[in-house]
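Understanding the architecture of this molecule
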Amino acid sequence: LPTFIITIHDFTDEIPVGSDPETAPSLRRVLVRNLFLKSKLVGSGKDAKRLFAENGAKLNDIVVSNLSAYLTIDDFTHPVKLTAGKKRHALIVLG
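I will try to describe carefully the structure that is included in this document.

Reading the values: the criteria
- Residues numbered from 1 in each chain as written.
- Predicted model: local features only at pLDDT ≥ 70, side-chain atom pairs only at ≥ 80, totals over all residues.
- Heavy atoms only, no water.
- Helix = DSSP H or I, 4+ residues; strand = E, 2+ residues; numbered from the N terminus.
- Contact = heavy atoms within 4.5 Å.
- Areas by Shrake-Rupley, 256 points an atom, 1.4 Å probe, with all protein chains shown as cover.
- Salt bridge = Lys/Arg side-chain N within 4 Å of Asp/Glu carboxyl O.
- Buried < 20%, exposed > 50% of the residue type's maximum accessible area, 1.4 Å probe, protein only.
- Pairing = 2+ DSSP bridges.

Time to look at the overall build of the protein. Along the protein, the regular secondary structure elements total 2 helices and 8 strands. Helices and strands in the protein line up, N terminus first, as β-β-β-α-α-β-β-β-β-β. Put simply, 52% of the contacts in the protein that link residues at least 6 apart link residues at least 24 apart. Accessible area of the protein: about 6,100 Å², with a carbon and sulfur share of 53%.

This is the structure:
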């Protein structure tokens with residue numbers, strides 16, 4: 001499978017809602033749709049939206065239909081498999 005490496009810079013650094021920004025730990029996360037774009041399984045955000053709406057997007061062989069779905073750094077202890085449709089696959093690893 002084609003393998004793509006993401007770095008810490010691909011993650012957004014956010015404070016959980018309702019938390020005190022000075023004391024709360026930040027939450028580093030990345031949108032699943034951005035992983036589909038980075039791996040070139042989709043060509044644009046519009047293509048990603050269509051793929052998710054038609055239940056063609058899979059993350060580790062589980063259908064993802066929520067465009068706002070995200071992964072945290074902790075989710076990358078093993079490579080993450082992305083699938084677009086039936087025949088296009090990619091692995092994402094944290095490097």
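And the narrative resumes.
Should their charged atoms come close, side chains of opposite charge can pair. Counted according to the given criterion, the structure contains 3 salt bridges. For K38, the salt bridge goes to D10, with nearest N and O atoms at 3.9 Å. Taken as a pair, K38 in helix α1 (residues 32–38) and D10 in the loop between β1 (3–6) and β2 (12–14) lie far apart in primary sequence, 28 residues in all.

Attention now moves to the environment of V30. As for its position among the elements, V30 is in strand β3 (residues 27–31). The buried category is assigned to V30, whose relative accessible area is 5%. The sequence separation of V30 and T72 amounts to 42 residues, and the corresponding C-alpha distance is 6.4 Å.

In terms of strand pairing, β2 meets β3 through 3 bridges, oriented antiparallel. The partner of D13 across the bridge, within β3, is R28. For β3 and strand β6 (residues 70–72), the ladder comprises 3 bridges, and the chain directions are antiparallel. Directly across from L31, in β6, lies its bridge partner Y70.

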